[in-house]
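Examination of the molecular architecture
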Amino acid sequence: MAMGIWFTDVTPDQINQLAPRTLVERIGIEFVEVGPDYLKARMPVDERTVQPARILHGGASVVLAETLGSVAAYLCIDPAQKTAVGLDINANHVRSVREGHVTGKVVPIHLGNSTHIWQIDIHDAHERLVCIARITIAILDQKNQPGR
């Protein structure tokens, strides 16, 4: 597979190995596909991700969207030189889901030197749109990384 927009070739299994002991692992997000300019990940709709009404929690959809956008931005940069941190995210919830999995696909809207903008569409098992989100990511020099 061609690298496309990614800094290096990467597989879904390699991305999934980044998640031990994180929120991503705790709620069951799993990367399933890497394309030349997109990533896909899925998330279960179960006791970890539903609200009291037993439908997918909107916050869980936002976690999936932020995970996809942040990982995609990180995969576009040289991690020895840069880091990627979220600045803003918004989401519109279109349809409820009660069971199964939802799958998110992230694609770039803008890949600049200091910011990235990514769109994430989340669909249910029947390919119906559940949520659409957009995230803005700051691309920082490693020396400006938060906490350093």
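Residues numbered from 1 in each chain as written. Predicted model: local features only at pLDDT ≥ 70, side-chain atom pairs only at ≥ 80, totals over all residues. Heavy atoms only, no water.

Turning our attention to the environment of Q119. On the secondary structure map, Q119 appears in strand β5 (residues 115-123). Q119 sits 50 residues away from G69 along the chain, and the two C-alpha atoms are 7.6 Å apart. A polar atom in the side chain of Q119 sits 3.3 Å from the side chain of D121. (Helix = DSSP H or I, 4+ residues; strand = E, 2+ residues; numbered from the N terminus. Polar contact = N/O pair within 3.5 Å; in protein donor to acceptor, adjacent residues only side chain to side chain.)

Applying the stated criterion to the full structure yields five salt bridges. Here R42 and E30 are joined by a salt bridge, their closest N and O atoms 3.5 Å apart. Linking R42 in strand β2 (residues 39-44) with E30 in strand β1 (residues 30-34), this pair joins segments that are twelve residues apart in sequence. (Salt bridge = Lys/Arg side-chain N within 4 Å of Asp/Glu carboxyl O.)

Okay, the pairing of strand β4 (residues 101-111) next. In the sheet, β2 pairs with β4 via six bridges, with the strands oriented antiparallel. Note that in β4 the partner of M43 across the bridge is V102. Direction of pairing for β4 relative to β5: antiparallel, over a ladder of eight bridges. Residue pairing in the sheet places T103 in a bridge with H123 of β5. Linking β4 to β5, which pair antiparallel, is a turn of three residues. (Pairing = 2+ DSSP bridges.)

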